[in-house]
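Observations on the three-dimensional arrangement
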Amino acid sequence: MCLAIPAIVVELRDGDNAVVDLDGVRKEISLALVDGIAVGDYVIIHVGFALQRLNVDEAERTLSLFRQLGSEALGAASTVGARP
Amino acid sequence: MKAQYARPLDVKHGHVDLSHGSGGRAMAQLIEELFARELSNDFLAQGDDGARLADPRGRLVMATDAHVVSPLFFPGGDIGCLSVHGTINDVAVMGATPLYLAASFILEEGYPLAELARIVASMARAARAARVPVVTGDTKVVERGKADGVFITTTGVGVLREGIDCSGARARPGDAILLSGTIGEHGMAIMSLRENLAFDAPIVSDTAALHELIGALLDAVPQLRTMRDPTRGGVATTLNEIARQSGVGMLIDEAAIRVLPPVEAACELLGLDPLYVANEGKLIVICPPEHVDAALAALHAHPLGLAASLIGYVHADARHFVQMQTRLGGRRIVDWLSSEQLPRIC
Amino acid sequence: MKYIDEFRSGELAAGLAAAMRRDANPEREYRFMEFCGGHTHAISRYGIADLLPPNVQMIHGPGCPVCVLPIGRIDQAIRLAREQGAILATYGDTLRVPASQRLTLLRAKAQGADIRMVYSTSDALNIARANPEREVVFLAIGFETTTPPTAVAVLTAAALNLRNFSILCNHVLTPAAMHAILSAPQGVPLDGFVGPAHVSTVIGSAPYEPFADDYGKPVVIAGFEPLDVMRAVHMLIGQVNDGRAVVENEFTRAVTRTGNLRAQALVAEVFELRESFEWRGLGTIPASALRLRAPFAQFDAERRFTVPYKAVADNKACACGEILRGEKRPQDCKIFGTVCTPENPIGSCMVSSEGACAAHYTFGRFREAAA
């Protein structure tokens, strides 16, 4: 049961609840499983619960790594192709 | 002698009851004061059980559709205008000019007359805007619990345009596949209401009468092979239907299919695939490759076709698969919907 | 959609595909199992197979909680609705799983049983509060991702003193299933695992360390999006080439070594280990599933009602067991795509969209047809 997506917290409500926003769609979810979430944090939500805060620095680092791996590999590939 | 006093129908506070369907005075009053008042035209004014229509110049086309949407009112429309648009579209995609509509209502005992009046007024507005009158109709009432408020069946009649031959069986290898705009809005407008999603700007149903857009398209490209509106089951189902009917395969490009951000987000949140979500104001067009530019120009020139795009091509395939190049670069098939799309949690 | 779309980029995918092509040793085969059903779905849905080097093969694992739910457990759920007149609340995924007497939860509903689909345990609790005179049973399924929400529901029910709410508990554990795969005598040769995304968010990366240590198989925990899966496969290729077998984490934006301690604590408060549990396709596995602890017995449908569990054997022609263990591929099953289709599923691998058979049928069966 793995379908979970990251969304930004836009409002905190009573009783451990919060409202998240995904491209203009808002949904109320529960923060009962996580601590210290603030408005502006990204959380991963699954069946109406936030499972974890998304570490946005790590997200950016991961994407940079993908870009770097890609340009190395494609750069190497095009060098290979250019050999006479 | 005093003129007969007839107590008017209490549209504001009244409810449908079984007498409204019994064929007696109450039913006549409902028809006169609620239906005919809104849908007024010369045909209905005759007061007959049927309508005498003008001699058609050409081949007749007929289509029918039952509408059981729930909830009855949704952002962008209601069951009333939906039933008008849907049947107009079914006639128009055949390459015919829609001329007349018939509407039959099944009403649930207890349904508020004020809401019924809103629905009928909406139908009337839609019919007037489309210039296709509702010329005859019927009303029945069923006991509480036997209907979801209101069910409407509309039947449309039109005349085939000269020289047009549009059919789901005509797609052939090399043909282009066009989509008239963004997808998934109607289905998600309904789903979002049911699932209590909130929005900055609500997802609005795209329900619309497409006959004028189709007219412009056929003026530009009379050689069109197929037109179909991707309603229940979405674009995926419509493409599979055409592929099977024509005995061909298709390859579409995920990146060319446009989905509005809130629709994409709502699908993501509910675990649904936009390709399978209903549309009520969009067209799939199969077009000979040499006429793609003219077809797209005609679509883009019309308000309902602004976001039209070329999404793929037809090719020979004995297995009739609809394949898709994913935005990632790999391939998958876009299969038939196996049954009602259940939201994924996994 | 932020932090979703970027991880689906075709451009970055081409880059990762090139990195894999460069690093995969053409002299050998690589066989990796993606444990989690969500990954199985992502691989098929995005056509990732087309982007992997030809000598890298993905074996689909049993991480689909619907697929491993025994027929007998669905029968219990149906009986609770039919015989006990309970309102049965369930996630959508289970509605079409074939059970005994040609029933499914959906068919039982069509025949009059009060079975309702919910998106969240909160919905189930709301149904219980809105219907105090009816019994409400929540069909709890899922691996460690989905267990904490059930724990919260039970604690909430206790706090509210709800007298009409219970759960039919089928929560199962990932490490136990991985162990069963790896220690199976006729085991399928594997070079490594792509570890589950959101299960790991909850349990952390530490629980996978014994597999790397004891079985010498690398584990790379992958995020949920297609680029995550590709990068995880790339990292596995790297480990295999280097002769390493450790736990690595690709999903650093959501997974830490210790995981979500608060969620783990809530689960520990509410649940305890069953001695053993029957898994469809994998047989009975010790210490692999959970049940409610004694203080919460009133919320346990198995203790509240008399609905004894009866094991039901799979259809003889169904190869789900071998497919779940990775010994066969969907297309190796004699009835795949003919008798057994998503419209008429014989086994659970075909019902859940994460099941190997459904994923292959729905997204990938064009590949065989071309061969």
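Residues numbered from 1 in each chain as written. Chains lettered and ligands numbered in written order. Predicted model: local features only at pLDDT ≥ 70, side-chain atom pairs only at ≥ 80, totals over all residues.

**As for the interface of chain B and chain C**
The condition that has to hold: Contact definition: two residues whose C-beta atoms, as placed from backbone geometry, lie within 7 Å. Secondary structure elements are defined from DSSP: runs of H or I of at least 4 residues count as helices, runs of E of at least 2 residues count as strands, and each element is numbered from the N terminus. Lys, Arg, Asp and Glu make up the charged group, whereas Ala, Val, Leu, Ile, Met, Phe, Trp, Tyr, Cys and Pro make up the nonpolar group; the residues left over, Gly among them, are polar.
With 23 residues of chain B in contact, the opposing surface of chain C contributes 34 residues. Taken together, the elements giving at least two residues each to the side of chain B that touches chain C come down to helix H8 (261-270) and strand S14 (331-333) of chain B. Of the residues belonging to the side of chain B that touches chain C, the class tally is eight nonpolar, six polar and nine charged.

**Thoughts on the interface of chain C and chain A**
On the chain A side, the residues contacting the 40 residues of chain C number 36 residues. Secondary structure elements with two or more residues in the side of chain C that touches chain A: helix H1 (10-23), helix H2 (37-46), helix H6 (147-159), helix H8 (198-203), helix H10 (226-242) and helix H11 (261-270) of chain C. In terms of residue count, H1(C) provides more of the side of chain C that touches chain A than any other element does, seven residues in total. Split into classes, the residues belonging to the side of chain C that touches chain A amount to 23 nonpolar, 12 polar and five charged.

**Remarks on the packing of H1(C) against H10(C)**
Residue and element names in this part refer to chain C. Defined as follows: Throughout, an axis means a line fitted to C-alpha atoms (over the contacting stretch in the case of helices), and angles, computed between N-to-C directions, take values from 0 to 180 degrees. Any angle that is under 35 degrees is reported as roughly parallel, and any over 145 degrees as roughly antiparallel; angles of 65 to 115 degrees are reported as roughly perpendicular and all others as oblique. Handedness of each helix crossing follows the sense of rotation of the near helix against the far helix: counterclockwise by less than a right angle gives left-handed, clockwise gives right-handed.
Two numbers describe how H1 lies on H10: the axes approach to 10 Å, and their chain directions differ by 15°. For the element pair H1 / H10, the angle class is roughly parallel. Judged by the sense of rotation from one axis to the other, the crossing of H1 with H10 is left-handed. Contact residues: H1 offers Leu12, Ala13, Leu16, Ala19, Met20 and Asp23, while H10 offers Pro226, Leu227, Met230, Arg231, Val233, His234, Ile237, Gly238 and Asn241. In terms of residue class, the contact of H1 with H10 is made up of 10 nonpolar, three polar and two charged.

**Overview of the pairing of strand S5 (residues 134-142) of chain B**
Residue and element names in this part refer to chain B. Here is the rule: When DSSP finds two or more bridges between two strands, those strands count as paired. Here the term right-handed applies to a crossover when the path leading from its first strand over the helix to its second strand runs clockwise, the strands being oriented away from the viewer.
Here strand S4 (residues 96-108) runs beside S5; their pairing, made up of eight bridges, is parallel. Its bridge partner lying in S5, leucine 101 is registered against valine 134. Read as a crossover between parallel neighbours, the route from S4 over helix H4 (residues 113-130) to S5 is right-handed.

**Considerations on helix H3 (residues 79-92) of chain B**
What sets the pattern is the α-helix's 3.6 residues per turn: residues three or four places apart point alike. Heads up, the rule is: A helix's residues, less one, multiplied by 1.5 Å, set its expected span. Burial in this document is a count-based property: other C-beta atoms within 10 Å of a residue's C-beta are tallied, and the residue is buried at 20 or more, exposed at 12 or fewer, or partly exposed in between, with C-beta positions derived from the backbone.
Between the first and last C-alpha of H3(B) there are 20 Å, a value that for 14 residues agrees with the 20 Å anticipated at 1.5 Å per step. Where burial is concerned, most of H3(B) is hidden: 14 out of the 14 residues are buried.

**Quick word on the pairing of strand S3 (residues 25-30) of chain A**
All names here are of chain A. Where strand S2 (residues 17-22) and S3 come together, six bridges link them in antiparallel fashion. Within S3, the residue paired with leucine 22 across the bridge is valine 25. What sits between the antiparallel neighbours S2 and S3 is a turn of two residues, in which aspartate 23 has the positive phi angle 50°.

**Comments concerning the sheet that holds strand S7 (residues 176-179) of chain B**
Residue and element names in this part refer to chain B. An order of S9-S11-S7-S12-S10-S13-S14 is seen for the seven strands of this open sheet, with the pairing classed as mixed. For this open sheet the edge positions go to strand S9 (226-228) and S14, each flanked by a neighbour on one side alone. Geometrically, the sheet is characterised by an average inter-axis angle of 25° between neighbouring strands, direction not taken into account. In terms of strand pairing, S7 meets strand S11 (residues 284-287) through four bridges, oriented antiparallel. Looking across to S11, one finds that leucine 179 is bridged to isoleucine 284. Each of S7, S9, strand S10 (249-253), S11 and strand S13 (322-325) is contacted by helix H7 (residues 234-246), which is oriented at about 35° to S11, the strand it contacts most.

**Observations concerning the domain arrangement of chain B**
Residues and elements named next belong to chain B. As a reminder, the rule being used: Segmentation of the chain into domains, including their bounds, is taken from an automatic or database domain assignment.
Once the domains are mapped, chain B shows domain 1 (18-160) and domain 2 (176-333). For domain 1 versus domain 2, the distance between C-alpha centres works out to 27 Å. Of all the secondary structure elements, the ones that give two or more residues to the side of domain 1 that touches domain 2 are H3 and H4. Take the side of domain 1 that touches domain 2: its biggest share by element is seven residues, from H3. Here the side of domain 1 that touches domain 2 is built from residues that sort into 12 nonpolar, six polar and no charged.

**Notes on the sheet that holds strand S6 (residues 150-160) of chain B**
Residues and elements named next belong to chain B. What the four strands build is an open sheet, ordered S1-S6-S4-S5; its pairing is mixed. For this open sheet the edge positions go to strand S1 (60-67) and S5, each flanked by a neighbour on one side alone. Put simply, the sheet's adjacent strands are angled 15° from each other on average, direction ignored.

**Focus on the packing of H3(B) against H4(B)**
A packed helix pair is summarised by two numbers, namely the angle formed by the two axes and the spacing between the axes. All names here are of chain B. Running from N to C, H3 and H4 cross one another at 35°; their axes reach a closest spacing of 6 Å. The handedness of the crossing between H3 and H4 is right-handed. Note on element contacts: H4 touches H3 through Ile119, Val120, Ser122, Met123, Arg125, Ala126, Ala127 and Ala130, opposite Ile79, Gly80, Cys81, Ser83, Val84, His85 and Ile88. Looking at side-chain class alone, the contact of H3 with H4 contains 10 nonpolar, four polar and one charged residues.

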